[in-house]
Amino acid sequence: MTNQELQALVEKISQESFRQPFCHKASFNQRLKTTGGRYHLKSHDLDFNHLVFEKYGIEELAKVIKHELCHYHLHMAGRGYQHKDREFKQLLKKTGGSRFTPPLITMTYQVYQCEKCGQEVKRRRKLDTERFVCGDCLGKLKFLKTIEA
Ligand SMILES: [Zn+2]
Ligand SMILES: [Zn+2]
């Protein structure tokens, strides 16, 4: 998805779900890591994390857009635009915006299995299977697979 497509999508959602135009700039920001989107109080522009679209598709992105548009429209109207404000919570519920950003960073885990009892052991780092043994039965661990979660 390009910035132009994103801009068009934000304008469309603004019209359809808020019945008001979005008259500022929406773009993808590479620097956003775990945040799905951001509203800039001074410029009124919106930033979005491309990973939301890549990992979860357009429906989840639409929910994040609605969340940011809640900040946007309430702030522009001089209403309670912060997460703690009742107006924000109500508008978020009404428009179906996301309450939390889905996990955007994947972590790699090494999975080992005990040769004796069969228990699986998940670790962020690689284990030295000559030195580390199963915590339950002290059996030997063997490398099983690498997973992302
Ligand atoms: Zn927010
Ligand atoms: Zn074991």
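Structure: see above.
Residue numbers run consecutively from 1 along every chain, following the written order of its sequence. Written order decides the labels, with chains lettered from A and ligands numbered from 1. Given that this is a predicted model, residues contribute local features only at a pLDDT of at least 70 and side-chain atom pairs are listed and counted only at 80 or more, while totals for whole chains, interfaces and linings are drawn from all residues. With hydrogens and water stripped out, all remaining heavy atoms of the structure feed into the side-chain values.

Undergrad: Would you take a moment to explain the packing of helix α2 (residues 50–76) against helix α3 (residues 86–95) for this structure?
TA: When two helices pack together, their arrangement is given by the angle between their axes and by how far apart the axes lie. Each axis is a line fitted through C-alpha atoms, taken for helices only over the stretch in contact, and angles between the N-to-C directions span 0 to 180 degrees. Put simply, DSSP H or I for four residues or longer makes a helix, DSSP E for two residues or longer makes a strand, and each gets a number counted from the N terminus. Direction vectors running N to C along α2 and α3 enclose 135°, while the axes themselves pass 9 Å from each other. When the interaxial angle is binned, α2 and α3 end up oblique. Relative to α3, the crossing made by α2 is right-handed. For the pair α2 and α3, contact is made by Lys66, His67, Cys70, His71 and Leu74 and by Glu87, Phe88, Leu91, Leu92 and Thr95, respectively. Put simply, angles under 35 degrees are roughly parallel, angles over 145 are roughly antiparallel, angles from 65 to 115 are roughly perpendicular, and the rest are oblique. Here a crossing is called left-handed whenever its near helix is offset anticlockwise from the far helix by less than a right angle, and right-handed whenever the offset is clockwise. Contact criterion: two residues are considered in contact whenever any of their non-hydrogen atoms come within 4.5 Å of each other.

Undergrad: Please explain the pairing of strand β5 (residues 120–123) as it appears in this structure.
TA: In the case of a regular strand, side chains alternate between the two sheet surfaces. In the sheet, strand β4 (residues 108–114) pairs with β5 via 4 bridges, with the strands oriented antiparallel. Within β5, the residue paired with Gln113 across the bridge is Glu120. Two strands pair under a simple rule: DSSP has to find at least two bridges between them. Once β4 ends, the chain turns through 5 residues before running back antiparallel as β5, passing Gly118 with a positive phi of about 85°.

Undergrad: How should I be thinking about the coordination of the zinc ion (ligand 2) in this particular structure?
TA: When four donors bind a metal tetrahedrally, each ideal donor-metal-donor angle is 109.5 degrees, and when six bind octahedrally, the ideal angles are 90 or 180 degrees. Here a donor is an N, O or S atom found within 2.8 Å of the metal, or within 3.2 Å if the metal is Na, K or Ca; sites may look incomplete because water is not among the atoms. Note on the zinc ion (ligand 2): its protein donors are Cys114 (SG), Cys117 (SG), Cys134 (SG) and Cys137 (SG). The metal-donor distances range over 2.2 to 2.4 Å. Any coordination sphere not matching a tetrahedral pattern (four donors, all angles between 85 and 135 degrees) or a square planar or octahedral pattern (four or six donors, opposite donors over 155 degrees apart, other angles between 65 and 115) is reported as irregular. Around the zinc ion (ligand 2) sit 4 donor atoms, and with donor-metal-donor angles ranging over 96 to 119° the site reads as tetrahedral. Written as a sequence motif, the donor residues of the zinc ion (ligand 2) are C-x2-C-x16-C-x2-C. Of this pair, Cys114 sits in strand β4 while Cys137 sits in the loop between β5 and β6 (141–148), placing them 23 residues apart in sequence. The buried label goes to any residue with under 20% of its type's maximum accessible area, the exposed label to any with over 50%, and the partly exposed label to all in between, with areas taken from a 1.4 Å probe on protein chains only. Under the relative-accessibility criterion, Cys114 is labelled buried at 2%.

Undergrad: Whenever I open this one, the coordination of the zinc ion (ligand 1) confuses me. Can you help?
TA: Every protein donor of the zinc ion (ligand 1) is listed here as His67 (NE2), His71 (NE2) and His83 (NE2), and their distances to the metal cover 2.0 to 2.1 Å. For the zinc ion (ligand 1), the donor residues sit on a single chain with the sequence spacing H-x3-H-x11-H. With His67 in helix α2 and His83 in the loop between α2 and α3, this residue pair connects regions lying 16 residues apart in the sequence. The exposure class assigned to His67 is buried, which follows from its relative accessible area of 9%. With relative accessibility at 48%, the residue His83 sits in the partly exposed group.

Undergrad: Help me out: how do you make sense of the sheet that holds strand β3 (residues 46–48) in this one?
TA: Two strands in a sheet stick together by hydrogen bonds in their backbones, pointing the same way (parallel) or opposite ways (antiparallel). Strand order in the open sheet formed by 3 strands is β1-β3-β2, and the pairing between neighbours is mixed. The open sheet is flanked by β1 (26–28) and β2 (37–39), the only strands paired with a single partner. Pairs of neighbouring strands in the sheet enclose a mean axial angle of 20°, with direction left out of account. In this sheet, β3 lies alongside β1 in parallel orientation, the contact comprising 3 bridges. Within the sheet, the bridge partner assigned to Ser27 lies in β3 and is Asp47. The sheet strands contacting helix α1 (residues 3–18) are β1 and β3, and the helix crosses β1 at an angle near 140°. In the packing of α2 onto the sheet, the strands contacted are β1, β2 and β3, and the crossing angle to β2 comes to about 15°.

Undergrad: Looking at this structure, I do not really get the nonpolar core. What am I missing?
TA: Most often, soluble globular proteins have nonpolar side chains that are buried together. In this text, buried Ala, Val, Leu, Ile, Met, Phe, Trp, Tyr and Cys residues form a nonpolar core when linked through side-chain atoms within 4.5 Å. Counting residues in hydrophobic clusters, the biggest one holds 24 residues, and the most contacted among them are Leu6, Val10, Leu46, Phe48, Ile65 and Leu69. Elements supplying a minimum of two residues to this core: α1, β1, β3, α2 and α3. Among the elements that take part in this core, α2 stands out by supplying 9 residues, more than any other. Apart from residues lying up to four places away in sequence, Leu46 is in contact with Val10, Phe22, Lys25, Ala26, Ser27, Arg38, Tyr39, Glu68 and Leu69. Tyr112, Val121, Leu127 and Cys134 belong to the second-largest nonpolar core, a separate cluster that totals 6 residues.

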